[in-house]
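Listed below, chain by chain, are the residues.
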Amino acid sequence: MSISTADVIIASPGRNFVTLKIVTSDGVVGWGDATLNGRELAAASYLRDHVASTLIGRDEDRIEDTWQYLYRGAYWRRGPVTMAAIAAVDMALWDIKAKKLGIPLYQLLGGASRDKLRVYAHASGNDYAALSQAIRGYVDEGYTAVRIQTGVPGLDSVYGVSATAKPGEKYDYEPAHRAADGSAATRPVEEDWDTPAYLRHVPSIFEKVREEFGPELRLLHDGHHRMSPIEAARLAKSLEPYDLLWLEDATPGEDQEAFRLIRQHSTTPLATGEVFNSVYDYQTLITERLIDYVRSAPTHTGGITAMKKLLDFADIYGIRSGLHGPTDVSPIGMAAALHIDLAIHNFGIQEYMPHSDLTLETFRTSYTFNRGFLYPGDNPGLGVELDEELAGRHPYTAAYLPVNRLLDGTVHDW
Ligand code: KDG
Ligand code: MG
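As annotated in an unreviewed UniProt entry, the chain carries the name D-galactonate dehydratase family protein and is attributed to Saccharopolyspora endophytica.

With that out of the way, let us pick up the pattern of salt bridges. With the rule as written, the count across this model stands at 22 salt bridges. Residue Asp61 pairs with Lys97 through a salt bridge whose shortest N-O separation is 3.4 Å. Of this pair, Asp61 sits in the loop between helix 1 (40–55) and helix 2 (63–72) while Lys97 sits in helix 3 (residues 80–101), and the two are 36 residues apart along the sequence. The residue Glu190 makes a salt bridge to Arg405 at a minimum N-O spacing of 2.5 Å. Of the two residues, Glu190 sits in strand 6 (residues 190–193) while Arg405 sits in strand 17 (residues 403–406), which places them 215 residues apart along the sequence. Under the relative-accessibility criterion, Glu190 is labelled partly exposed at 48%.

Another aspect to go through is the sheet that holds strand 18 (residues 411–412). Taken together, the three strands give an open sheet; going across it, the order is 6-17-18, and neighbouring strands pair in mixed fashion. The open sheet is flanked by strand 6 and strand 18, the only strands paired with a single partner. Where strand 17 and strand 18 come together, two bridges link them in antiparallel fashion. Opposite Asn404, over in strand 18, you have His412 as the bridge partner.

Quick notes on the rules
- Residues numbered from 1 in each chain as written.
- Chains lettered and ligands numbered in written order.
- Predicted model: local features only at pLDDT ≥ 70, side-chain atom pairs only at ≥ 80, totals over all residues.
- Heavy atoms only, no water.
- Salt bridge = Lys/Arg side-chain N within 4 Å of Asp/Glu carboxyl O.
- Helix = DSSP H or I, 4+ residues; strand = E, 2+ residues; numbered from the N terminus.
- Buried < 20%, exposed > 50% of the residue type's maximum accessible area, 1.4 Å probe, protein only.
- Pairing = 2+ DSSP bridges.

Okay, structure coming up:
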């Protein structure tokens, strides 16, 4: 048997997603996710214009060989666009292989190493009252781990903190921004930032959360790459009394050596990797045990084949998974993460931002959530099917992540 067609579907059911559909000569359909938030069309073009035709006629069972063909054969290695495109092909081929065998994907990865997957939710609030209400809502739903993001006095809006949702409502990371006249956005919104104000404020919020919610709730925090190494070290140290499960992306992701400095000063566990796209981005971090959790998504890291190898590598050094699961990874990419989570030994925790109702009508999932845990389900393959007709009714709309500036106007990391 061989691959007959490879088509790219770009749609915006709730937000933009790039989906690859591979069909084999005997009619088996495999789905892959290549969504790259704010750069969707680049990943779609890479697949459509440079990859799709090379897949036709290939043996769909040769997953490793196809991965190496696309990675080594392109000459230009790594990078988010390339790796998202490879990820989509890889997921679709694993989906096909598991469907042909009639088994859920995790069985092909070694079978289940646990019964269910602990997830963490996103709680945020501009002030403590709103944040506390959001946390209480998640605790009541059975969550045992919550990421805490807070507004900062003096700043109008902070990325990761819901500005529009009412207290307690769920937050969706940067859905499509529209201009005031209703037309699609052509440039990102700009937000302001003040690191000293942030560093002064965040520990006081964690103190209140611990006081109100007690010692058992697992707490996490995302620094969104905004600190210098010494600032990150200071925050990690000042958060030690509040026993975080992790401090995420404290410093810009491309500087692996910065983590040495944070580590020298603090025992707060560290997580990073959502902007990484290759095992090589982790080489120093893993071999020197500078982090505790790997944060990548299969969608941005070359798919299931590469993610499994990366996590096996991390396991040797006692480092666990905390895979990226925002709403800008499609339900197909999310399912890929869940099957890996279930199979690997070194699972830590899974991020979970539920997709919108429209997204979930368009991508029919078989994974389920119950009282703080996700279950990948036992449907053959990844267990997600795209309703192409419904997807076709929601065309792509330009949408970007915000740009961050210091109060004096300097462009800043985030
Ligand atoms: O596309 C960017 C978002 O997925 C990212 O900002 C979300 O930081 C994030 C997280 O931890 O989920
Ligand atoms: Mg993050």
